[in-house]
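# Fold and contact review
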Amino acid sequence: MTMQFIYDLTFSELSNVLKEWDQPAYRAKQIWQGLYQHLYSSPAQFTNLSKSLREKMAENLTFMPFTVKVIQDSSDGHTRKTLFELPDKNLIEAVLMHYEQTFNVERSTSPRRTLCISTQAGCAMGCVFCATGQMGFKRHLSSGEIVAQVIFYAQLLKAQNETVSNIVFMGMGEPFHNYENTMSAIDRLNDSEGCNFGARRFTISTVGLVPQIRRFADEQRQVNLAISLHAADNDSRVEMMPINKRYKIDELLEACKYYVMKTSRRVSFEWALINGINDTPEVAKKLAAKLRGLMCHVNAIPLNPTAGYNGKATNRQRAILFKETLEQAGIPCTIRLRRGIDINAGCGQLAGANSS
Ligand code: SAH
Ligand code: SF4
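Note that the coordinates shown come from a computational prediction; the quantities given were computed from them, not determined experimentally.

The rules we used
- Residues numbered from 1 in each chain as written.
- Chains lettered and ligands numbered in written order.
- Predicted model: local features only at pLDDT ≥ 70, side-chain atom pairs only at ≥ 80, totals over all residues.
- Heavy atoms only, no water.
- Buried < 20%, exposed > 50% of the residue type's maximum accessible area, 1.4 Å probe, protein only.
- Helix = DSSP H or I, 4+ residues; strand = E, 2+ residues; numbered from the N terminus.
- Pairing = 2+ DSSP bridges.
- Domains from an automatic or database assignment.
- Contact = heavy atoms within 4.5 Å.
- Buried area = accessible area lost by both parts, 1.4 Å probe.
- Salt bridge = Lys/Arg side-chain N within 4 Å of Asp/Glu carboxyl O.
- Near = heavy atom within 4 Å.
- Polar contact = N/O pair within 3.5 Å; in protein donor to acceptor, adjacent residues only side chain to side chain.
- Areas by Shrake-Rupley, 256 points an atom, 1.4 Å probe, with all protein chains shown as cover.
- 1 Å grid on protein atoms, 1.4 Å probe; cavity = no way out; pocket = protein on both sides within 12 Å on 5 of 7 lines; lining within 4 Å.
- Sits in = over half its atoms within 2 Å of the grid points.
- Nonpolar A, V, L, I, M, F, W, Y, C, P; charged D, E, K, R; others polar.
- Expected span 1.5 Å × (residues − 1).
- Phe/Tyr/Trp six-rings, centres within 6.5 Å; stacked < 30°, edge-to-face > 60°.
- Lys NZ or Arg CZ within 6 Å of the ring centre and 35° of its normal.

The subject of this paragraph is the pairing of strand E5 (residues 91-99). Taken across its nine residues, E5 has eight buried, putting it largely inside the fold. Sheet topology places strand E4 (residues 79-85) next to E5; seven bridges connect them, and they run antiparallel. Among the inter-strand pairings, Phe84 is bridged to a residue of E5, identified as Ile92. Hairpin remark: E4 followed by E5, antiparallel, with five residues in the connecting loop; positive phi at Lys89, about 80°. In this sheet, strand E6 (residues 112-116) lies alongside E5 in antiparallel orientation, the contact comprising five bridges. Among the inter-strand pairings, Tyr99 is bridged to a residue of E6, identified as Arg112.

Another aspect to go through is the domain arrangement of the protein chain. Domain parsing of the protein chain yields domain 1 (4-62) and domain 2 (85-354). For domain 1 versus domain 2, the separation of C-alpha centres amounts to 34 Å. Across the boundary between the two partners, domain 1 contributes 14 residues, which contact 16 residues of domain 2. Between domain 1 and domain 2, a total of about 1,200 Å² is buried, with carbon and sulfur atoms accounting for 58% of that surface. The largest share of the area that domain 1 buries against domain 2 comes from Tyr7, Tyr36 and Leu39, three residues that together contribute 45% of it. Connecting domain 1 to domain 2 are one salt bridge.

Within the element layout of this structure, Gly173 appears in the loop between strand E9 (166-169) and helix H6 (179-190). Under the relative-accessibility criterion, Gly173 is labelled buried at 17%. On a C-alpha basis, the gap between Gly173 and Ser118 in space is 6.1 Å, while along the polypeptide they are 55 residues apart. For Gly173, the residues in contact, after removing those within four places along its chain, are Thr119, Gln120, Gly122, Cys123 and Thr132.

Our next topic: the site of ligand 1. Near ligand 1 there are 20 residues, and of these Phe129, Ser205, Ser228, His230 and Asn304 occur at the shortest range. Within the contact set of ligand 1, a nitrogen atom lies 2.9 Å away from a backbone nitrogen or oxygen of Gly173. Contact between ligand 1 and Thr206: an oxygen atom at 3.4 Å from a main-chain N or O atom of the residue. Computed on the free molecule, ligand 1 has an accessible area of 520 Å², of which 96% lies beneath the protein chains in the complex. In this structure, ligand 1 is accommodated by the largest cavity. Where the shell around ligand 1 is concerned, the elements lending two or more residues are strand E10 (202-206) and strand E12 (267-273).

This brings us to unusual backbone geometry. In the Ramachandran plot, Asn196 falls in the positive-phi region, its phi being about 55° despite a non-glycine side chain. Structurally, the position occupied by Asn196 is in the loop between H6 and E10. Classification of Asn196 by relative accessible area gives partly exposed; the value is 45%. Even without being a glycine, Asn344 presents a positive backbone phi close to 50°. Looking at Asn344, the relative accessible area reads 19%, which means it is buried.

With that settled, consider the site of ligand 2. Surveying the vicinity of ligand 2 reveals the residues Cys123, Met125, Gly126, Cys127, Cys130, Gly133, Gly173, Glu174 and Val207. Because more than half of its atoms lie within 2 Å of the grid, ligand 2 is assigned to the largest cavity. Considered class by class, the residues forming the shell around ligand 2 number five nonpolar, three polar and one charged.

Glancing now at H6. Its twelve residues give H6 an end-to-end C-alpha distance of 16 Å, which sits within 8% of 16 Å, the value for a rise of 1.5 Å per residue. Turning to H6, its buried residues are Tyr179, Thr182, Met183, Ala185, Ile186, Arg188 and Leu189.

What follows is about the packing of aromatic side chains. Here a ring pair, both rings aromatic, is described through the centre-centre distance and the interplanar angle of the planes. A full pass over the atoms with the stated rule returns 15 aromatic pairs. Their ring planes at 70° and their centres at 5.9 Å tell us that Tyr7 and Tyr36 sit as a pair that is edge-to-face. Residue Tyr7 is found in the loop between strand E1 (4-5) and helix H1 (11-20), and its partner Tyr36 is found in helix H2 (residues 26-36); the two are separated by 29 residues along the sequence. Of the two residues, Tyr7 and Tyr36, both sit in the buried class. With a centroid separation of 5.1 Å and an interplanar angle of 55°, the aromatic rings of Phe66 and Phe84 are classed as tilted. Residue Phe66 is located in the loop between strand E2 (61-62) and strand E3 (67-73), and its partner Phe84 is located in strand E4; the two are separated by 18 residues in the primary sequence. Residue class for Phe66 comes out buried when judged on its relative accessible area of 8%. Each residue in the set Phe5, Tyr7, Phe11, Trp32 and Tyr36 is aromatic and connected to the rest through ring pairs, giving one cluster. If you follow Arg201 out to its NZ or CZ, it ends over the ring of Phe197, 4.0 Å from the centre. The aromatic ring of Tyr258 is capped on one face by Arg214, whose charged end is 4.9 Å from the ring centroid.

Below, the structure is given as structure tokens:
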């Protein structure tokens with residue numbers, strides 16, 4: 001029998017495995033709680049199970065098939081990036097960001113711990129400003145490979161008496177290109193008998209795959225949705241983001257309206273501010289006109305540098321002017337902090353290589 005990756009299993013699949021092993025039904029629940037509540041990392045830790053069952057688990061199920069290749073901390077100590085090697089030698093990265101002095105949604109004073117998780121090795125979407133896009137597509141991650149990145153960091157934080165506050169799918173890859181596995185990973189982490197990680201603490205960021213946005217809206221998930229927009233007209237967007245050949249801006253914004261209508265949830269637009277390209281007051285006005293009437297918010301972030309793109313980051317002054325122009329036109333905007341740039345852990349800088 002081939003080894004099965006334990007985080008790939010849904011609860012009912014795990015129950016079936018145990019049934020095949022002639023185990024009583026409650027064993028599945030014990031194992032599930034061990035995995036997702038106690039965050040056990042090996043069969044030996046399941047001391048509530050018999051020795052023979054632990055041995056059977058060790059023979060048939062793998063726990064962490066990732067090799068941790070490199071762990072890097074940013075110089076400000078707020079960002080940690082981990083490079084994992086998968087069994088087939090593909091590389092993926094996941095990032096932990098610490099936001100000290102902020103309040104989380106429950107308004108407690110505990111610091112936020114946000115995880116930025118990958119859904120694919122590489123990416124097929126080819127956005128020119130993005131290091132993952134520049135490396136091309138390698139493969140989809142399985143649901144368990146997505147879950148395991150979260151578990152890895154949750155274990156690390158647990159050792160310091162801390163927990164994960166938010167999970168954003170803004171690492172390598174396009175989550176809606178790997179829709180089933182991404183949703184299945186969310187379901188597993190959301191399960192109330194396991195991690196019990198609330199849907200509203202997840203954010204999916206997409207390049208703008210229209211059919212999947214509509215499907216996501218129909219499923220009425222409480223997960224936050226962010227759309228990588230970066231341009232306010234088709235001519236400029238297509239130069240940066242090839243996907244715009246397939247789904248034009250108006251069609252994309254229609255799908256966003258549908259999402260807001262179906263879920264009553266606000267949509268966020270991601271905007272990498274590139275000097276002289278998409279950061280002028282004229283562009284801000286054009287964008288505001290496009291977004292008028294849509295319940296939304298713009299997240300602007302000065303472009304992070306990548307090897308394959310010449311564009312430069314907007315400076316602080318221009319970024320503030322962009323934000324103010326949008327807000328005067330009635331569109332809320334925040335300028336996000338750049339994080340972990342010195343270790344290439346910022347948005348769009350993940351490329352599965354120890355390049356810094
Ligand atoms: N594929 C998804 C999620 C991963 S990219 C998406 O594109 O939305 C995460 C975010 O980083 C996206 O908003 C993306 O547009 C942005 N991004 C990519 N390259 C960037 C760069 N060089 N600087 C700043 N943001 C970047
Ligand atoms: Fe892929 Fe997102 Fe990068 Fe575009 S920005 S290439 S969709 S990871």
